[in-house]
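Below, each chain spelled out in residue letters.
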Amino acid sequence: MTVIACKDGVMAADTSVWHGEIWYPCKTKLRRLSDGSVAGCAGWKPVIDEWVKWYDSGAKPGDRPAAPKDNEDLNVLILRPDGSIWNMSFGEVWRNEGDIAVAGSHYEFLMGAMLSGRSAPDAVDLAIAHCSRARGPMTWMG
């Protein structure tokens, strides 16, 4: 599972990958894209790599990767240099309506923390401390 939070031009994530009940460390959930955007990625890494590469190369509809055969999850938050937050899931890219966003697990926990005034890094730190599928350390980019 993954926890990613975005607020006030900062995106934060935990550093754990889960396979069933097994936890692995991961340092690549947040990626800097060629236009300066930050992509926060939740899902299966090979699928993430393919779709983020497609997005970073211009997201041309004709070049869209094939949807995976299985039901792998893909949820990517994109924090653009202008501060806008975008969502991507299997070729659909849309602008987030609000000024905060969450991807991955523990959605309600992270949203509640940020709506009560916490920053994105603080919300992820709280999730690491109190949620079952979040592990640290927390990383962030802005």
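Up top you'll find the structure we're talking about.
The structure presented is a predicted model; accordingly, all values stated were derived computationally and were not measured. (Residues numbered from 1 in each chain as written. Predicted model: local features only at pLDDT ≥ 70, side-chain atom pairs only at ≥ 80, totals over all residues. Heavy atoms only, no water.)

**Student:** Before we move on, could you go through the packing of aromatic side chains and cite the residues and values that matter?
**Tutor:** All chains considered together, the criterion is met by one aromatic pair. When the centroid spacing of 5.4 Å and the interplanar angle of 75° are considered together, the rings of W51 and W54 count as edge-to-face. Taken together, the residues W51 and W54, both in helix α1 (residues 45-56) and three residues apart, mark about one turn of the helix. The exposure classification of W51 matches that of W54, with both residues buried. R80 extends its terminal NZ or CZ atom over the ring of W86, reaching a point 3.9 Å from the ring centre. (Phe/Tyr/Trp six-rings, centres within 6.5 Å; stacked < 30°, edge-to-face > 60°. Helix = DSSP H or I, 4+ residues; strand = E, 2+ residues; numbered from the N terminus. Buried < 20%, exposed > 50% of the residue type's maximum accessible area, 1.4 Å probe, protein only. Lys NZ or Arg CZ within 6 Å of the ring centre and 35° of its normal.)

**Student:** Break down the pairing of strand β8 (residues 85-89) for me, citing the residues and quoting the values.
**Tutor:** Counting buried positions along β8 yields four of five residues, so the element is predominantly enclosed. Here strand β7 (residues 74-79) pairs with β8 via four bridges, running antiparallel. Residue pairing across strands places V76 opposite M88, the latter belonging to β8. Taken together, β7 and the strand that follows it, β8, pair antiparallel across an intervening segment of five residues, in which G83 is found at a positive phi of about 90°. As paired strands, β8 and strand β9 (residues 92-95) are joined by four bridges and run antiparallel to one another. The residue of β9 that forms the bridge with M88 is V93. (Pairing = 2+ DSSP bridges.)

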